[in-house]
Amino acid sequence: MPAPAHLDPRLLRAFLAVAEELHFTRAAARLYVAQQALSRDVRRLERELGAELFVRTTRQVTLTPDGERLVPYARRALQAQDDLLAAFGQARALLVDLNSPGLRTTRRILHRARELAPELELMARYESGLTGAAGDLLAGRLDASFGRFAGLDPALRAGLDHQPVRYEPMAVLLPEDHPLAARDEVPLAALAGETVYAGAGNPRTPEWTDLARRLFEGRGVAIAAPAPLAVGDEEFQRLMAKTRVPVLAVVDFPPMPGSVLRPLTDPVPLSPVSLVWRKGLEHPGLMALRRAAAQVAREEGWLNRPPEGWIPASDACVMGVH
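About the criteria used
- Residues numbered from 1 in each chain as written.
- Predicted model: local features only at pLDDT ≥ 70, side-chain atom pairs only at ≥ 80, totals over all residues.
- Heavy atoms only, no water.
- Helix = DSSP H or I, 4+ residues; strand = E, 2+ residues; numbered from the N terminus.
- Buried < 20%, exposed > 50% of the residue type's maximum accessible area, 1.4 Å probe, protein only.
- Contact = heavy atoms within 4.5 Å.
- Lys, Arg positive; Asp, Glu negative; His and termini not counted.
- Charge placed at Lys NZ, Arg CZ, Asp CG, Glu CD.
- Axes fitted to C-alpha atoms, helices over the stretch in contact; angles between N-to-C directions.
- Parallel < 35°, antiparallel > 145°, perpendicular 65-115°, else oblique.
- Left-handed = near helix turned anticlockwise from the far one by under 90°.
- Nonpolar A, V, L, I, M, F, W, Y, C, P; charged D, E, K, R; others polar.
- Phe/Tyr/Trp six-rings, centres within 6.5 Å; stacked < 30°, edge-to-face > 60°.
- Core = buried A, V, L, I, M, F, W, Y, C linked by side-chain atoms within 4.5 Å.
- Polar contact = N/O pair within 3.5 Å; in protein donor to acceptor, adjacent residues only side chain to side chain.
- Pairing = 2+ DSSP bridges.
- Salt bridge = Lys/Arg side-chain N within 4 Å of Asp/Glu carboxyl O.

Scanning the protein from N- to C-terminus turns up eleven helices and 13 strands. Scored against the burial criterion, the 322 residues of the protein give a buried share of 45%. Look at the contacts in the protein between residues 6 or more apart in sequence, and 75% of them connect residues 24 or more apart. Taking the average place of the 39 positive charges on the side chains of the protein and the average place of its 39 negative ones, the gap between the two points comes to 4 Å.

Two measures define how a pair of helices packs: the angle their axes make with one another and the distance between the axes. Close contact between helix α5 (residues 104-116) and helix α10 (residues 284-300) brings their axes to 8 Å; oriented N to C, the two are set at 120°. If you check the angle between α5 and α10, you find them oblique. Crossing of α5 over α10 shows right-handed handedness. Contacts between α5 and α10 involve R104, R108, I109, L110, R112, A113 and L116 from the first element and A288, L289, R291, A292, A293, Q295, V296, E299 and E300 from the second. In the contact of α5 with α10, the residues fall into nine nonpolar, one polar and six charged.

Here the focus is the packing of aromatic side chains. Counted according to the given criterion, the structure contains two aromatic pairs. Residues F15 and F54 carry aromatic rings whose centres are separated by 5.5 Å and whose planes lie at 45° to one another, so their mutual orientation is tilted. One end of the pair, F15, is in helix α1 (residues 9-21); the other, F54, is in strand β1 (residues 54-56), with 39 residues separating them in the sequence. By relative accessible area, F54 is classed as buried at 0%. Ring geometry for F24 against F54: centres 6.1 Å apart, planes inclined by 70°, an arrangement best described as edge-to-face. With F24 in helix α2 (residues 24-31) and F54 in strand β1, the pair connects residues that are 30 residues apart, well separated along the chain. Comparing F24 with F54 shows no difference in burial state: the two are buried. Three or more aromatic residues joined by ring pairs form one cluster here, namely F15, F24 and F54.

Note on soluble globular proteins: their nonpolar side chains tend to be buried together. Formed by 24 residues in total, the largest nonpolar core has its most connected members in V96, I109, L122, F146, V165, L275 and L289. Broken down by secondary-structure element, the contributors of at least two residues to this core are β3 (94-97), α5, β5 (144-147), β12 (268-278) and α10. In terms of residue count, α10 provides more of this core than any other element does, seven residues in total. Once you skip the residues sitting within four places of it in the chain, V96 turns out to touch M123, A124, R125, L142, A144, F146 and L289. Counting residues in each nonpolar core, the second largest holds 22 residues, with M170, A198, A212 and L264 among its members.

Time to look at the side chain of S259. Here S259 is to be found in strand β11 (residues 259-265). Its relative accessible area of 14% is what places S259 among the buried residues. Within the structure, the side chain of S259 is placed 2.8 Å from the backbone oxygen of M256, a separation counted as a polar contact. Those residues in contact with S259, other than ones at most four positions away along the chain, are L173, L174, P175, E176 and M240.

On to the environment of P284, then. As for its placement among the helices and strands, P284 is situated in helix α10. Remark: the alpha-carbon pair of P284 and D83, spanning 201 residues in sequence, is separated by 8.9 Å.

A separate point is the packing of α1 against helix α3 (residues 35-49). Here α1 crosses α3 at 110°, and the two axes come no closer than 9 Å. Here α1 lies roughly perpendicular to α3, going by the angle between them. Along its contact with α1, which presents R10, L11, L12, A14, F15 and V18, the element α3 presents L38, D41, V42, R44, L45 and E48. A per-class count over the contact of α1 with α3 returns eight nonpolar, no polar and four charged.

Right, let's get into helix α6 (residues 130-139). Buried residues of α6: L130, A133, A134, D136, L137 and A139, and no others. Positive phi shows up at G140, right after α6, with a value of about 85°.

With that settled, consider the pairing of strand β10 (residues 247-250). What you see with β10 is no split at all: V247 and A249 on one side and L248 and V250 on the other are buried throughout. Sheet topology note: the strand β6 (residues 160-175)/β10 ladder contains four bridges and is antiparallel. Each residue of the ladder has a partner; that of V172, found in β10, is L248.

Below, the discussion takes up the pattern of salt bridges. Scanning the model with the defined rule gives 22 salt bridges in all. One salt bridge in this structure joins D315 and R148, with 2.8 Å as the shortest N-O distance. With D315 in helix α11 (residues 313-319) and R148 in the loop between β5 and α7 (154-157), this pair connects stretches of sequence that are 167 residues apart. Salt-bridge contacts for D210 lead to R214; the nearest nitrogen and oxygen are separated by 2.8 Å. With D210 and R214 both in helix α8 (residues 206-216) and four residues apart, the pair spans about one turn of that helix. By relative accessible area, D210 is classed as partly exposed at 22%. For R214, a relative accessible area of 37% gives the class partly exposed. Within this structure, E21, R26, D97, R125, E127, D136 and R141 form a network of salt bridges that share partners.

This is how it looks when you write it as structure tokens:
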């Protein structure tokens, strides 16, 4: 069968969504289309190419060899279309994960990027955790996120790029009647004997738990056992009131009723924050986001590492690359 004279980009997007999800229902939800319409587009693409792209059973969907061969070509074709539209001021929306609505660092950067490029659409989502976002970044379901780049698995880092944004001082969130709550700041030594929640068991944020483990090692501080994942401020507050366990946080963590936030000192532990995106991504919104991150970091001195600051050696190496 001769190759088609042209292919509708919509058909390639349908194919890629199914290829990445390996599930027609999830792929349809991702594209905001009916499953029947998605299946119809995939069948049409198969007819036009004269090749079967998926093996479909009642239990699973898998790519055929022709389907696997098409994936890189489809990605390049759709990227080229995005680049063309961007060149003429018609870029698609850039999707950015800000981790949590209350975190000032990421919100400041997004707001500045919108000021720098008001003609572009930069959409925020809040799903928490760089490890959780990394898969979506690599699959093209998400364009940018923030977090501790050195804490990612090396296999994930290989497909991503990053720009250091901030050495963010860390803090501890305490019940307001906790003995340490009366202090203006909490030396790390004062946490000896305490059990502190640091997201253990949360599959979205193992890089944060790893940072806590490195910080507390040899200091007599235990990491709290995994707890149910609290989604939203109300559930987080309820769980904290129930467990009454101190929580490892950052200095810009949003206020919580019934608790106080105290910076950690002696030394000052730092959470290394980077802007992270998929290697090779070209989008004017990403360029605006990178410019905004550099501007705000320079204005606020976010990358001026205090002499008494602490970060793991592996993070210092990664943050020093740029």
